[in-house]
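Below are the chains, spelled out letter by letter.
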Amino acid sequence: MNPTSDLIHLKSLKFKYAKESPLILDIEQFSMAPRERFFLYGTSGSGKTTLLEVLSGVLPATEGKVVICGQNLTSLSASERDFFRSQNLGYIFQSFNLIPYLKVKENILLPLKLNPHPPLNQKDSEVWLQHLVQRLGIEGLLEKNVLQLSVGQQQRVAVARALIHKPKLLLADEPTSALDFEHREKFLNLVFEIAQEQNLGIFFVSHDHSLKSLFDRSMDLRDLQKVKVPKSEDFR
Ligand SMILES: Nc1ncnc2c1ncn2[C@@H]1O[C@H](COP(=O)(O)OP(=O)(O)OP(=O)(O)O)[C@@H](O)[C@H]1O
Ligand SMILES: [Mg+2]
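First things first, this report covers the structure right here in the doc. No experiment lies behind these values; they were computed from the predicted model shown.

1. Quick notes on the packing of helix H3 (residues 104-114) against helix H5 (residues 151-163)
Closest axis-to-axis distance for the H3/H5 pair is 7 Å, and the angle between their directions is 30°. The element H3 and its partner H5 pack so that their crossing is right-handed. Along its contact with H3, which presents Val104, Asn107, Ile108 and Pro111, the element H5 presents Val157, Ala160 and Arg161. The class makeup of the residues in the contact of H3 with H5 is 5 nonpolar, 1 polar and 1 charged.

The following block contains the structure:
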């Protein structure tokens, strides 16, 4: 375990939404290696999205250390964390957060448009965009409005948007989707292939155990938390 070479390194992390609110996260130690594919299971309301927001620097840790790609986020200001995120992290939101009045292509390119220092120039980003959409099988959808897409297609657009700036770490919040296991497995294997080409690490959270065997390592958020909430089977 080496904080500078780990992709994610957490030490004595505590998070609460407000001073008088309960602790949502209380993690003594956690590390994830570069290129690792990690699955975190947690029931609804257990803190998965909160943890992803702390890892991405959207929310500041209340206490402790959050080191991502060797950068200690706790020593950065909110705007420095925003910049760090725009250069290094890809994020797939639980609800995708695609912009409904923009076309698929505009949605995918949005992070580069909003980035004052885009990590790719326009020519390289067009080449990378074409590669990504072909790999994801959405090259025929670029001019469509996102409202015209199926949930599975929206998921692929969300992946393309999360990877358009070639991040080092992909944080994925799996939605409560109606997609079947076969579809999700196929989709995930495709993301893994792209991740391997790009030396990308994946931190994936879900309240559904069924995909965990596809990952290099998996954990239950309750086992990561220092303060134990009773497991439902403890009541049996
Ligand atoms: N903005 C907020 N302000 C205050 N409390 C919040 C806020 N967002 C979430 N919480 C609380 O933090 C806890 C963890 O919520 P979180 O959204 O991280 O859970 P989750 O594991 O992602 O759940 P789900 O599987 O339903 O998405 C919950 O008790 C929730 O009510
Ligand atoms: Mg959530």
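2. As for helix H1 (residues 48-55)
For H1, the tally of buried residues reaches 6 of 8 residues, placing the bulk of the element in the interior. Where H1 is concerned, the buried positions are Lys48, Thr50, Leu51, Leu52, Val54 and Leu55.

3. Things to note about the site of ligand 1
Close to ligand 1 lie Tyr17, Ile24, Thr43, Ser44, Gly45, Ser46, Gly47, Lys48, Thr49, Thr50, Gln94 and His207. Contact distances for ligand 1 include 2.5 Å between an oxygen atom and a side-chain N or O atom of Ser44. Residue Lys48 places a side-chain N or O atom 2.7 Å away from an oxygen atom belonging to ligand 1. Computed on the free molecule, ligand 1 has an accessible area of 640 Å², of which 57% lies beneath the protein chains in the complex.

4. What to know about the sheet that holds strand E8 (residues 201-206)
The strand order across the open sheet built from 5 strands is E6-E7-E8-E3-E9, with neighbouring strands paired in parallel fashion. Two strands lie at the open edges of the sheet, namely strand E6 (89-92) and strand E9 (217-220), each paired on one side alone. Sheet twist, expressed as the average angle between the axes of neighbouring strands with direction ignored, equals 15°. The pairing of strand E3 (residues 37-41) with E8 spans 5 bridges and is parallel. Note on E8: the bridge partner recorded for Leu40 is Val205.

5. So, the coordination of the magnesium ion (ligand 2)
Note on metal sites: the ideal angle is 109.5 degrees for four tetrahedral donors, and 90 or 180 degrees for six octahedral donors. At 2.0 to 2.4 Å from the magnesium ion (ligand 2) lie its protein donor atoms, namely Thr49 (OG1) and Gln94 (OE1). Here Gln94 lies in the loop between E6 and H3 and Thr49 lies in helix H1, a separation of 45 residues in the sequence. For Gln94, a relative accessible area of 33% translates into the label partly exposed.

6. Comments concerning the nonpolar core
Val104, Ile108, Ile138, Ile164, Leu170, Phe204 and Phe215 are the most contacted members of the largest nonpolar core, which has 42 residues in total. Of all the secondary-structure elements, those providing two or more residues to this core are E3, H3, helix H4 (122-135), H5, strand E7 (169-173), helix H6 (181-198) and E8. No other element matches H6, which puts 7 residues into this core. Not counting residues up to four positions away in its chain, the partners in contact with Phe215 are Arg37, Phe38, Phe39, Leu188, Phe192 and Phe204. Within the second largest apolar cluster, 30 residues are counted, among which are Leu25, Leu59, Leu73 and Leu224.

7. Points about the environment of Ala160
Looking at the element boundaries, Ala160 is found in helix H5. For Ala160, a relative accessible area of 0% puts it in the buried group. Separated by 52 residues in sequence, Ala160 and Ile108 have C-alpha atoms that sit 6.0 Å apart. Among all residues touching Ala160, those that are not within four sequence positions of it are Ile108, Leu132, Leu136 and Ile138.

How each quantity is defined
Residues numbered from 1 in each chain as written. Chains lettered and ligands numbered in written order. Predicted model: local features only at pLDDT ≥ 70, side-chain atom pairs only at ≥ 80, totals over all residues. Heavy atoms only, no water. Axes fitted to C-alpha atoms, helices over the stretch in contact; angles between N-to-C directions. Helix = DSSP H or I, 4+ residues; strand = E, 2+ residues; numbered from the N terminus. Left-handed = near helix turned anticlockwise from the far one by under 90°. Contact = heavy atoms within 4.5 Å. Nonpolar A, V, L, I, M, F, W, Y, C, P; charged D, E, K, R; others polar. Buried < 20%, exposed > 50% of the residue type's maximum accessible area, 1.4 Å probe, protein only. Near = heavy atom within 4 Å. Polar contact = N/O pair within 3.5 Å; in protein donor to acceptor, adjacent residues only side chain to side chain. Areas by Shrake-Rupley, 256 points an atom, 1.4 Å probe, with all protein chains shown as cover. Pairing = 2+ DSSP bridges. Donors = N, O, S within 2.8 Å, 3.2 Å for Na, K, Ca; no water. Core = buried A, V, L, I, M, F, W, Y, C linked by side-chain atoms within 4.5 Å.

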